[in-house]
Amino acid sequence: MEVRWEVFLIILGAALVTFIPRVVPLMILSRFELPEWGMRWLNYVPISVMAALIGQEILLNDGKFSSIANNVELFAAIPTFWIAVKTRSLLGTVLVGVISLMILRMFF
């Protein structure tokens, strides 16, 4: 099997572009210890990103706020959020979310 150099260089460039932003901060931050306030601040980053992603998926439709009456995703999110809080089970949360969205889309 022959690989063209152009394709190989594109793949190598894409690997470097993906690898460098992940490794450079790790190399820099591993050399010193962050202050306590910095560690507390970093603990909220994953929660903030997840909330932004979920909020955008639930509340926006084609870049505009969707009305509550037609927002099936919002109604599916209610039992999903309740199961997530009560059970703290990722599998249970995903199953309830998928099943509730399926049922709501089937009837509405």
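What counts, and at which threshold
Residues numbered from 1 in each chain as written. Predicted model: local features only at pLDDT ≥ 70, side-chain atom pairs only at ≥ 80, totals over all residues. Heavy atoms only, no water. 1 Å grid on protein atoms, 1.4 Å probe; cavity = no way out; pocket = protein on both sides within 12 Å on 5 of 7 lines; lining within 4 Å. Points joined across faces, edges and corners; volume = space filled by probe spheres on them. Helix = DSSP H or I, 4+ residues; strand = E, 2+ residues; numbered from the N terminus. Nonpolar A, V, L, I, M, F, W, Y, C, P; charged D, E, K, R; others polar. Buried < 20%, exposed > 50% of the residue type's maximum accessible area, 1.4 Å probe, protein only. Polar contact = N/O pair within 3.5 Å; in protein donor to acceptor, adjacent residues only side chain to side chain. UniProt positions renumbered as here; feature names shortened; annotations may be inferred.

- Per an unreviewed UniProt entry, the protein chain carries the name Branched-chain amino acid ABC transporter and comes from Paenibacillus etheri.

**Thoughts on the layout of surface pockets**
Here comes step 1: As a volume, the largest pocket reaches approximately 630 Å³.
Here comes step 2: Forming the boundary of the largest pocket are 19 residues, of which I54, I58, A77, T80 and T93 lie nearest the centre.
Here comes step 3: For the lining of the largest pocket, the element with the highest residue contribution is helix α5 (residues 90–107), accounting for 7 residues.
Here comes step 4: Its residues assigned to classes, the lining of the largest pocket shows 12 nonpolar, 4 polar and 3 charged.

**Details of the environment of T87**
Here comes step 1: Relative to the elements of secondary structure, T87 occurs in helix α4 (residues 72–87).
Here comes step 2: Taking the relative accessible area as the measure of exposure, T87 reaches 43% and is therefore partly exposed.
Here comes step 3: Looking at T87, its side chain comes within polar contact range of the main-chain oxygen of I83, at 2.7 Å.

**Focus on the UniProt feature "transmembrane region" (unreviewed entry) in the protein chain**
Here comes step 1: Residues annotated in UniProt with the feature "transmembrane region" (unreviewed entry) correspond here to residues 7–29, 41–60, 67–84 and 90–107.
Here comes step 2: Taken end to end, residues 7–29 comprises 100% helix and 0% strand; its first and last C-alpha atoms sit 34 Å apart.
Here comes step 3: Structurally, residues 90–107 is divided into 100% helix and 0% strand, and its ends, taken at the C-alpha atoms, are 26 Å apart.

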